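What follows is the residue order along each chain.
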Amino acid sequence: ILKLLIIDPLLTLKLHRLISKFHFDIIYAHHYEGFMCALPACGFGKHPVVFDIHTLLEEELPYYGPSFGRGILSRVGKIFDTVLPAHANHVIGISEEIVDKVIGEANVAPENITLISNGVELELFMSAEPEQNKSGKGDIILAYAGNFARYQGIETMLKALNLLDRK
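Student: Just to check I follow, could you spell out the packing of aromatic side chains for this structure?
Tutor: One pair of aromatic rings is described through two measures. These are the centre distance and the angle between the planes. Under the defined criterion, the tally for this structure stands at three aromatic pairs. Judged by centre distance (6.3 Å) and plane angle (65 degrees), the rings of Phe-22 and Phe-24 are edge-to-face. Overall, the relative accessible area of 46% leaves Phe-22 in the partly exposed class. A ring pair is formed by Tyr-32 and Phe-51, whose centres lie 5.0 Å apart and whose planes are at 85 degrees; its orientation type is edge-to-face. A residue pair is termed long-range when its members are at least 10 positions apart, and Tyr-32 in helix 2 (residues 31-41) and Phe-51 in strand 2 (residues 49-53) qualify at 19 residues. The exposure class assigned to Tyr-32 is buried, which follows from its relative accessible area of 1%. Under the relative-accessibility criterion, Phe-51 is labelled buried at 0%. What links up through ring pairs into an aromatic cluster is the set Tyr-32, Phe-35 and Phe-51.

Student: Just to check I follow, could you spell out the pairing of strand 3 (residues 90-93) for this structure?
Tutor: It is a general feature of regular strands that their side chains alternate between the two faces of the sheet. For strand 2 and strand 3, the ladder comprises four bridges, and the chain directions are parallel. Note on strand 3: the bridge partner recorded for Phe-51 is Val-91. With three bridges joining them, strand 3 and strand 4 (residues 113-115) adopt parallel strand pairing. Counted as the bridge partner of Gly-93 is Leu-115 from strand 4. Handedness of the crossover joining strand 3 and strand 4 through helix 5 (residues 96-105) is recorded here as right-handed.

Rules and cut-offs
- Residues numbered from 1 in each chain as written.
- Predicted model: local features only at pLDDT ≥ 70, side-chain atom pairs only at ≥ 80, totals over all residues.
- Heavy atoms only, no water.
- Phe/Tyr/Trp six-rings, centres within 6.5 Å; stacked < 30°, edge-to-face > 60°.
- Buried < 20%, exposed > 50% of the residue type's maximum accessible area, 1.4 Å probe, protein only.
- Helix = DSSP H or I, 4+ residues; strand = E, 2+ residues; numbered from the N terminus.
- Pairing = 2+ DSSP bridges.
- Right-handed = clockwise from strand over helix to strand, strands pointing away.

This is a description of form; function is not addressed.
Below, the structure written as structure tokens:
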């Protein structure tokens, strides 16, 4: 709540001051919070804004707040997902699912959205040999730091681990 009511409005004011002082070719807005701060600071279209979406709010918002409000938060998130992207000059989505939803539900033209997925340098992992762990075995041990919300992609990680286990 503190972030939404105090920090984000302060960020909007700071960005507005910077825009009035300097010429920016593009404003890069990281996720919904960044975009919702950039939109008014940029005069609702007077300055080009690239909106980077790294998860859909329909899936993310239900994890904030009590469980009895999850349905409402999901619907609010869907409204943001379908309304906001159309106000950006360009959208970046990190997954095909996000790109497809933004094109299909937010009416963003395919030429106004780019898929840029999170990068992983596979060659770093493909040649790695498992080190001996404390059990004395060469087992792969994974430490994950984060929440287990569906939007984090935990299912993808578990599928990848299953593939590793078979190798």
